Amino acid sequence: MNQKETMTANTMKKVRDSQTEQVYIIRSQHINPQGRLFGGYLMQWIDEMAGIVSRRHSGKSITTASIDNLNFKAGAYQNDMVVLVGRLTYVGRTSMEVRVDTYVEDYTGKRKSINRAYIVMVAIDEEGNPVEVPGLMIESEAEQAEWLAGEKRYKLRKQRRAEGF
């Protein structure tokens, strides 16, 4: 049972309430000297996606706290259609972990995974102070597995901060 399950339904939101998908066409300005999508563009798009998902969940202004993991699996090339799918995996008191999966989609709609990232976002007030966010209602075994993994990553991040990393 997670910490948010004791809250009322009014302060809980479902993963699907904030899940977001965005599509980009890779153009010449996105290409690096090796002919692949420049990683900086993809990182920007991932950060924007995490911001949209966390803003939809919290209903607040947000800021990026950390990129917990960014795993480049394969490249994307000019004229490829790149799809980013973002969803919440774990929610703390003021922070939200967002998983962003990136795919290259072919003309038939088949998707190949090229990147997965976990980003931690924090809801903030007008002065930039952290504010509480709604809880996350877990509805499936897959969401439960993501929650448990997110909880482990949260504890690891906390430990690393305590150790000065």
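The paragraphs below set out a description of the structure included in this document. Per chain, residue numbering runs from 1 following the sequence as it is written. For a predicted model such as this one, the threshold for reporting local features is a pLDDT of at least 70, and the threshold for listing and counting side-chain atom pairs is 80 or more; totals across whole chains, interfaces and linings nevertheless cover every residue. No hydrogens and no water enter the side-chain calculation; it runs on all heavy atoms of the structure.

**Re the layout of surface pockets**
Part 1 of the reasoning: Taken as a whole, the largest pocket encloses approximately 260 Å³ of empty space.
Part 2 of the reasoning: Only protein atoms enter the 1 Å grid, on which a cavity is a set of points fitting a 1.4 Å probe that cannot get out and a pocket is an open set with protein on both sides within 12 Å along at least 5 of 7 lines, lining residues being those with an atom within 4 Å of a point. Forming the walls of the largest pocket are 13 residues, and the residues nearest its centre are Ser95, Val120, Val122, Tyr154 and Arg161.
Part 3 of the reasoning: Note on conventions: DSSP H or I runs of at least 4 residues are helices, E runs of at least 2 residues are strands, and numbering of each starts at the N terminus. Looking at the lining of the largest pocket, the elements with two or more residues in it are strand S3 (61–72), strand S6 (111–124) and helix H3 (141–162).
Part 4 of the reasoning: The element that contributes the greatest number of residues to the lining of the largest pocket is H3, accounting for three residues.
Part 5 of the reasoning: Within the lining of the largest pocket, the residues separate by chemical class into five nonpolar, five polar and three charged.
Part 6 of the reasoning: Grid points are joined across faces, edges and corners, and a volume is the space filled by probe spheres set on the points. Counted as a void, the second largest pocket has a volume near 220 Å³.
Part 7 of the reasoning: The wall of the second largest pocket is formed by Ser66, Ile67, Asp68, Arg153, Leu156, Arg157, Arg160, Arg161 and Phe165.
Part 8 of the reasoning: Among the elements of the structure, S3 and H3 are those that each provide at least two residues to the lining of the second largest pocket.
Part 9 of the reasoning: It is H3 that provides the largest number of residues to the lining of the second largest pocket, a total of five residues. By the convention adopted, Pro, Cys, Tyr, Trp, Phe, Met, Ile, Leu, Val and Ala count as nonpolar, Lys, Arg, Asp and Glu as charged, and the other residues, Gly among them, as polar.

**Overview of the packing of aromatic side chains**
Part 1 of the reasoning: Note on aromatic pairs: the rings of Phe, Tyr and Trp (six-membered ring only in Trp) are paired at centre separations within 6.5 Å, and the planes decide the class, stacked below 30 degrees, edge-to-face beyond 60, tilted for the rest. For the structure shown, the criterion picks out five aromatic pairs.
Part 2 of the reasoning: Ring geometry for Tyr24 versus Trp45: centroids 4.0 Å apart, planes at 5°, classification stacked. Taken together, the positions of Tyr24 in strand S2 (residues 20–25) and Trp45 in helix H2 (residues 39–58) put the pair 21 residues apart, joining distant regions of the chain.
Part 3 of the reasoning: Whether a residue is buried, partly exposed or exposed follows from its accessible area with a 1.4 Å probe, protein chains only, as a fraction of its type maximum: under 20%, in between, or over 50%, in that order. Classification of Tyr24 as buried rests on a relative accessible area of 19%.
Part 4 of the reasoning: Where Tyr41 meets Trp45, the ring centres are 6.2 Å apart and the plane angle is 40°; that geometry is what we call tilted. With Tyr41 and Trp45 both in helix H2 and four residues apart, this pair spans about one turn of that helix.
Part 5 of the reasoning: Accessibility expressed as a relative area gives 29% for Tyr41, which makes it partly exposed.
Part 6 of the reasoning: Members of the aromatic cluster, connected to one another through ring pairs, are Tyr24, Phe38, Tyr41 and Trp45.
Part 7 of the reasoning: The cationic tip of Arg153 hangs over the ring face of Tyr118; the distance from NZ or CZ to the ring centre is 3.8 Å. The criterion is that NZ of a Lys, or CZ of an Arg, lies within 6 Å of the ring centre and within 35 degrees of the ring normal, and then a charge sits over that ring.

**Here we look at the environment of Thr20**
Part 1 of the reasoning: Secondary-structure assignment places Thr20 in strand S2.
Part 2 of the reasoning: For the pair formed by Thr20 and Glu48, sequence separation is 28 residues and the distance between their alpha carbons is 11 Å.
Part 3 of the reasoning: Contacts are residue-level and defined by heavy atoms, with any inter-residue pair within 4.5 Å sufficient. In contact with Thr20, not counting residues within four places along its chain, are Met49, Ile52, Val53, Arg56, Leu84, Val85 and Gly86.
Part 4 of the reasoning: A distance of 2.8 Å separates polar atoms of two side chains, one belonging to Thr20 and the other to Arg56. Side-chain atoms alone can form a polar contact between residues adjacent in sequence; in general such a contact is a pair of N or O atoms within 3.5 Å, and within protein one must be able to donate a hydrogen while the other accepts it.

**Describing the environment of Pro134**
Part 1 of the reasoning: Looking at the secondary structure, you find Pro134 in the loop between S6 and strand S7 (135–137).
Part 2 of the reasoning: For Pro134, a relative accessible area of 15% translates into the label buried.
Part 3 of the reasoning: Expressed as a C-alpha distance, the spacing of Pro134 and Ile52, which sit 82 residues apart in the sequence, is 15 Å.
Part 4 of the reasoning: Ignoring anything within four residues of it in the chain, the contact list for Pro134 reads Thr11, Lys13, His57, Ser58 and Val91.

**Quick notes on unusual backbone geometry**
What you tend to see is this: most non-glycine residues have negative phi, and most peptide bonds are trans.
Part 1 of the reasoning: One non-glycine residue, Asn79, adopts positive backbone phi at about 75°.
Part 2 of the reasoning: Within the element layout of this structure, Asn79 appears in the loop between S3 and strand S4 (81–91).

**Some words on the sheet that holds S3**
Part 1 of the reasoning: Strand order in the open sheet formed by five strands is S2-S4-S5-S6-S3, with antiparallel pairing between adjacent strands. At either end of the open sheet lies a strand with only one pairing partner, and these are S2 and S3. Ignoring strand direction, the axes of neighbouring strands in this sheet form an average angle of 25°. Strands qualify as paired when DSSP identifies two bridges or more between them. To obtain each axis, a line is fitted to C-alpha atoms, and for helices this fit is confined to the stretch in contact; angles are then taken between N-to-C directions over 0 to 180 degrees.

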